[in-house]
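Structural features, examined
Okay, here's what each chain looks like letter by letter:
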Amino acid sequence: MSSEIPAGGPYKAALGMHEPLTVEHLKEARRQLSYYCTAHARFCREFVARMREASLNVARARLEDLSASRDYVGVDKGVIEVAERLVEFYADYIAGLLALHGEDVAVEARADVRVGKLALRRGEIAFLEPGLAARLAVAGLVEPVRSNAISLRSP
């Protein structure tokens, strides 16, 4: 079954031998799902659980190994680029390179943004909790404010 996991499966992923993910890989995964899940429901649940566990490990390895590759061409290239943007944001947060107020991150809106009660217009600066700041930064809606200042105070 492990050889049927898309993009080379867990053994190749563990060795860093990643194949480019293709539409054919995705079609094969869907075909297997339909094949194994036409049988007993308990068998289907077990199949899905095992495939999901193996695929999570493959996904983690692929994101780690391929995120720095600028010439990767698989159909999942966009997903890998998103992961790299998240890693870069997180690295800057951990390194103290972002302007903070407490744990909140200063961001500048790159577009008009509305999330729940939050409404920002392009160019406005706000302090957001790190998870929301990361999600919006990865989406390209805000840009974290970088600073080497020791502390910032709210007006």
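The preceding data block contains the structure.
Remember, it's a predicted structure, so these values are computed and weren't measured experimentally.

It is worth spelling out a nonpolar patch on the surface at this point. A contiguous nonpolar surface patch, about 240 Å² in accessible area, is contributed by V23, L26 and V75. You can see L26 is positioned in helix α2 (residues 23-36).

As a general feature of sheets, a regular strand has side chains that alternate between the two faces. Only one face of strand β5 (residues 125-128) is covered, namely the face carrying A126 and L128; the face carrying I125 and F127 is uncovered. Pairing of strand β2 (residues 104-109) with β5 involves four bridges; the strand directions are antiparallel. Opposite V107, over in β5, you have A126 as the bridge partner.

This next bit is on the pattern of salt bridges. Scanning the entire structure with this criterion turns up nine salt bridges. Notably, a salt bridge pairs K77 with E81, separated by 3.6 Å at the nearest N-O pair. Of this pair, K77 and E81 both sit in helix α4 (residues 77-94), four residues apart, which is roughly one turn of the helix. Owing to a relative accessible area of 27%, K77 belongs among the partly exposed residues under this scheme. Residue R135 pairs with E129 through a salt bridge whose shortest N-O separation is 3.8 Å. Look at the salt bridges and you will find they share partners, linking D92, E143 and R146 into a network.

Criteria and cut-off values
Residues numbered from 1 in each chain as written. Predicted model: local features only at pLDDT ≥ 70, side-chain atom pairs only at ≥ 80, totals over all residues. Heavy atoms only, no water. Patch = residues over 30% accessible without salt bridge, like charges linked within 9 Å, V, L, I, M, F, W, Y side chains within 5 Å. Areas by Shrake-Rupley, 256 points an atom, 1.4 Å probe, with all protein chains shown as cover. Salt bridge = Lys/Arg side-chain N within 4 Å of Asp/Glu carboxyl O. Helix = DSSP H or I, 4+ residues; strand = E, 2+ residues; numbered from the N terminus. Buried < 20%, exposed > 50% of the residue type's maximum accessible area, 1.4 Å probe, protein only. Pairing = 2+ DSSP bridges.

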